[in-house]
Amino acid sequence: MNTPQSLPSDSVGYVEPASVHFDEALSLESGHTLSGYTLAYETYGTLNADRSNAVLVCHALSGDHHAAGYREGERKPGWWEACIGPGKPLDTNRFFVVCSNNIGGCHGSTGPTSINPTTGEAYGADFPMVTVRDWVKTQARLADHLGIETWAAVAGGSLGGMQALQWAIDLPERLAHAIVIAAAPRLSAQNIAFNEVARQAIRSDPAFHEGRYAAAGDQPATGLMLARMLGHITYLSEAAMGAKFGRERRGEPNDYGFHYDVEFEVESYLRHQGQSFVDRFDANTYLLMTKALDYFDPAAATGGDLAAALAGAKARFMVTSFTSDWRFPPSASREIVRALLDTNKPVSYAEIRADHGHDAFLMPVPRYRSVFTTYMQRVAAEVGA
Amino acid sequence: MSPLREDLQIVADWVAPGQRVLDLGCGDGMLLRHLFDSRQATGYGLEIDPEGITQSIANGINVIESDLDQGLSDFEDDAFDQVILTQTIQAVQRPDALLQEMLRVGRTGIVTFPNFAYYRLRYHLAVRGRMPMSDALSYAWYETPNIHFCTIRDFEVLCDELGIHILERRVLSHDLKRPVLARVMPNLFGEVALYRICRA
């Protein structure tokens, strides 16, 4: 696969990742300490003279720091190409956009595939569990490194939106706006259940070796593939799947194959998604990320009172949900909105009609783009970008 | 700042400096923008129309996508000084329930609506035998979002039944002009009615 011959004019174009190592120890919420860590990140646009136009983008479960543009030799752009670029909601002509790979990840930031300095071998299963709060801490250090005192906005969808919310709670002085898209104040039992099935798929794979598969020269490919297939089902709505695949089959139109090979198009899609995921993702990272999701519950610290948890927030909020998202449904976003209203926080909320399910936050849905763009233009005007 | 429509100007004049307001059906958010700028008011607008929501965001107000027919359960009792409902009551499923909700979350309310007993509308129905249309009611009967028309008298009877106290009433005649005849016979010559209400 080659990079496209000519890149779209509304893309940031070719991008190169950067990385920074922090020697300072990091105390994790789990009680463990990382003696140091590396963050891989990408930036798009230009930081203005008074360093006021920076936007932090937080990635979701399977994302990384490659949020926009094209890497040399790759055909597909970054995961939020729909929203980052010239003229897009996060307009790189006005904003300096930063996205880092979360620790625990597997694309350049310190995680299970990194070398554990105390053993000289990859962490593997020994990498400590990380939480959304831990990520916010590391992202704040990245902000320090880049000379950014206050983000014009912290933005993200899904697990990324949860990070934006946590930023507003933990470091209220360091962001002006929180853009919380297709997120939730905590996972539902159903959500945790899906995550648990995904984890069991990985952990029960004989090739998992209690997480030490790399040392054994193995990989729980089947388990990771199943986890991803399950995830994909929950990211799409029934209508989106129906529209995309229906009951389309390969082979003779009128005869079933009476075999277990790929027959229905939806099977082909899921297997392809699962298999390509195995090539680019680490199973231990997947386990860590799903646990970070399950543990996320900022209201837990205030006896379940989300409004109290958000009471100290100083950011202005833009909350967005999608009608067909059943993983993090509009009702979950409304709970965030309600908590903000309870303490008179500045908040706007849009419930976008979209058939794509949870994945809508990655798509160029016209109304979503319009609302997001309009909001960010006000943010840009505030910081003179 | 562009001048507000006459009826919205009266509403704005009813809002005291620094009050917390909730604008139900805030449209493009211009009224709230005006209240924020000229009255240092704070608060939120609720809107269901996507275009209105985008324009409200562009106007820099806090807008929450909401369906007024679902009530105001997102808001606590007495959360606002003023709850404003301009030219919207005729489009909700249960105006009586919404009025009660307004005065649950707000100490006082402001309601404006097109008076269905306005003489030109009566003429449409009585003489021409057609469902009325006017500047304030510009939809044909089959496409109108306005499903609960009322007259000035109807509204006051409803307030009485719900134990709602009317603090003040203003009536505007055609083209939102200040009333002459409407002062004497509001239900006949008033095209738009404006009320300030509170719990009795």
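The rules we used
- Residues numbered from 1 in each chain as written.
- Chains lettered and ligands numbered in written order.
- Predicted model: local features only at pLDDT ≥ 70, side-chain atom pairs only at ≥ 80, totals over all residues.
- Heavy atoms only, no water.
- Contact = heavy atoms within 4.5 Å.
- Buried area = accessible area lost by both parts, 1.4 Å probe.
- Salt bridge = Lys/Arg side-chain N within 4 Å of Asp/Glu carboxyl O.
- Polar contact = N/O pair within 3.5 Å; in protein donor to acceptor, adjacent residues only side chain to side chain.
- Buried < 20%, exposed > 50% of the residue type's maximum accessible area, 1.4 Å probe, protein only.
- Helix = DSSP H or I, 4+ residues; strand = E, 2+ residues; numbered from the N terminus.
- Pairing = 2+ DSSP bridges.
- Right-handed = clockwise from strand over helix to strand, strands pointing away.
- Phe/Tyr/Trp six-rings, centres within 6.5 Å; stacked < 30°, edge-to-face > 60°.
- Lys NZ or Arg CZ within 6 Å of the ring centre and 35° of its normal.
- 1 Å grid on protein atoms, 1.4 Å probe; cavity = no way out; pocket = protein on both sides within 12 Å on 5 of 7 lines; lining within 4 Å.
- Points joined across faces, edges and corners; volume = space filled by probe spheres on them.
- Nonpolar A, V, L, I, M, F, W, Y, C, P; charged D, E, K, R; others polar.

Regarding the interface of chain B and chain A
- Contacts between the two partners involve 20 residues from chain B, matched on the other side by 21 residues from chain A.
- Between chain B and chain A, the buried area comes to about 1700 Å², and carbon and sulfur atoms account for 48% of it.
- Among the residues of chain B in contact with chain A, Ile57, Glu65 and Asp74 of chain B are the three that bury the most area, contributing 36% of the side total.
- Run the count over chain B and chain A and you get three salt bridges.
- Run the count over chain B and chain A and you get 14 residue pairs in polar contact (both at pLDDT 80 or more).

With respect to the pairing of strand S2 (residues 42-47) of chain B
All names here are of chain B.
- Counting buried residues in S2 gives five out of six residues, a clear majority hidden from the surface.
- Looking at chain direction, strand S1 (residues 20-24) and S2 are connected through five bridges and run parallel. Across the sheet, residue Leu24 finds its bridge partner in S2, namely Leu46.
- For the crossover from S1 across helix H2 (residues 30-39) to S2, the handedness is right-handed.
- The pairing of S2 with strand S3 (residues 63-65) spans three bridges and is parallel. Note on S3: the bridge partner recorded for Gly45 is Val63.

Quick look at the packing of aromatic side chains
All names here are of chain A.
- What the rule picks out here adds up to 24 aromatic pairs over all chains.
- Ring centres 6.1 Å apart and planes at 85° place the aromatic pair Phe281 and Tyr286 in the edge-to-face group.
- Judged by its relative accessible area of 5%, Phe281 falls in the buried class.
- For the cation-ring pair, Arg228 lies above Phe277, with the distance from its terminal atom to the ring centre recorded as 4.3 Å.

Comments concerning empty space enclosed by the protein
Residue and element names in this part refer to chain A.
- Scanning all chains against the criterion turns up two cavities of 30 Å³ or more.
- Counted as a void, the largest cavity has a volume near 50 Å³.
- Considering the residues around the largest cavity, the lining is formed by Leu61, Phe194, Asn195, Ala198, Ala227, Leu230, Gly231, Thr234, Tyr235, Tyr286 and Arg327.
- Contributing elements (two or more residues each) for the lining of the largest cavity: helix H3 (189-203) and helix H4 (221-235).
- Ranked by residue count, the leading element in the lining of the largest cavity is H4, at five residues.
- Grouping the constituent residues of the lining of the largest cavity by class yields seven nonpolar, three polar and one charged.
- When its volume is computed, the second largest cavity comes out at roughly 40 Å³.
- In terms of lining residues, the second largest cavity is bounded by Ile179, Ile181, Met318, Thr320, Tyr368, Val371 and Phe372.

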